[in-house]
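Structural overview for review
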Amino acid sequence: MKQLLKEREDAVPASVRSDLEHIFRAAYPRVVGVAARVLGSRDEAEDVAQETFLSFGRTNVPAGEAVGWLCAAAAHTALNHLRSGRRRVSREEAASDRVEVSPDVAEAVVTKDEHQRVRAALSRLPRKQAVALVLRHSGLSYAEVAAALDLSPASVGTTVRRAESALREELNRHASSR
């Protein structure tokens, strides 16, 4: 019996946070929401959230800073997925295999194209700007964004405005090159 207990203790790493389950339950919807804003896919966002919580489980981030850390990490991870395009190719191939007919297919195509253009432009922004923009538009307060990105709360507004401006420039630059 002692051997069985010892094996079970060895199977669970001692370095995993004791508060992980509580933080997971409290922050999971928000972390998925941040990733989904970047990726546009709930399934991919859940994968990113899982990666993010696995990383968080091995940190010593204070519980009071957990939400900011998790949201920033989710945004970074989602941007990495966007930039790599690993999953986008398989998703587009799968989508091209099935044809759906909807009442306003033109609007659906335009909306999908616009979302893809915004995500592509977002992936070309400097990382800190892109993350600040995603976090702020995901509902984090200036204080939470500041804590997550190690900025002063007073500079968050400026960073977000610059990011919005840079995003518009990226969208315009690529719209005119089409």
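A brief look at the structure comes next. Note that this is a predicted model, so its numbers are computed, not measured.

The volume enclosed by the second largest pocket comes to roughly 310 Å³. In this structure, the second largest pocket is lined by Arg-37, His-115, Val-118, Arg-119, Leu-122, Leu-133, Val-134, His-137, Glu-164, Leu-167, Arg-168 and Leu-171. Those elements that provide at least two residues to the lining of the second largest pocket are α6 (105-124), α7 (127-137) and α9 (153-176). When the residues that make up the lining of the second largest pocket are grouped by side-chain class, the tally is six nonpolar, two polar and four charged.

Attention now moves to the packing of aromatic side chains. In this structure the tally under the stated criterion is four aromatic pairs. Relative to Tyr-28, the ring of Phe-24 has its centre 4.9 Å away and its plane inclined at 40°; by these criteria the two rings are tilted. Here Tyr-28 and Phe-24 lie together in helix α2 (residues 20-39), a separation of four residues that amounts to about one turn. In this structure Phe-24 comes out as partly exposed when scored by relative accessible area, which is 34%. Residue Tyr-28 is classed as partly exposed on the basis of its relative accessible area, which comes to 22%.

What the rule picks out here adds up to seven salt bridges. Note that Glu-21 and Arg-25 form a salt bridge whose closest N and O atoms lie 2.8 Å from each other. Residue Glu-21 and its partner Arg-25 are both found in helix α2; the two are separated by four residues, about one turn of the helix. On the basis of relative accessibility, which here comes to 62%, the residue Arg-25 falls in the exposed class. The salt bridge involving Glu-170 is made with Arg-173; its shortest N-O contact spans 3.2 Å. With Glu-170 and Arg-173 both in helix α9 and three residues apart, this pair spans about one turn of that helix.

How each quantity is defined
- Within any chain, residue numbers begin from 1 and follow the written order of that chain's sequence.
- Thresholds applied to this predicted model are a pLDDT of at least 70 for local features of residues and 80 or more for the giving and counting of side-chain atom pairs; totals over whole chains, interfaces and linings are not thresholded and use all residues.
- Computation of side-chain values: all heavy atoms of the structure, hydrogens and water removed.
- Only protein atoms enter the calculation, which uses a 1 Å grid: trapped sets of points that fit a 1.4 Å probe without letting it out are cavities, open sets showing protein on both sides within 12 Å along at least five of seven lines are pockets, and any residue with an atom within 4 Å of a point is a lining residue.
- Grid points are joined across faces, edges and corners, and a volume is the space filled by probe spheres set on the points.
- Helix and strand labels come from DSSP, where a helix needs a run of H or I of at least four residues and a strand needs a run of E of at least two; each type is numbered from the N terminus.
- Classes in brief: Ala, Val, Leu, Ile, Met, Phe, Trp, Tyr, Cys and Pro nonpolar; Asp, Glu, Lys and Arg charged; the others, Gly included, polar.
- Aromatic contacts are taken between Phe, Tyr and Trp rings whose centres are within 6.5 Å, Trp giving its six-membered ring; a plane angle under 30 degrees counts as stacked, one over 60 as edge-to-face, and the others as tilted.
- Each residue is placed in one exposure class: buried if its accessible area under a 1.4 Å probe, protein chains only, is under 20% of its type's maximum, exposed if it is over 50%, and partly exposed if it falls in between.
- Any Lys or Arg side-chain nitrogen found within 4 Å of a carboxyl oxygen on Asp or Glu counts as a salt bridge.

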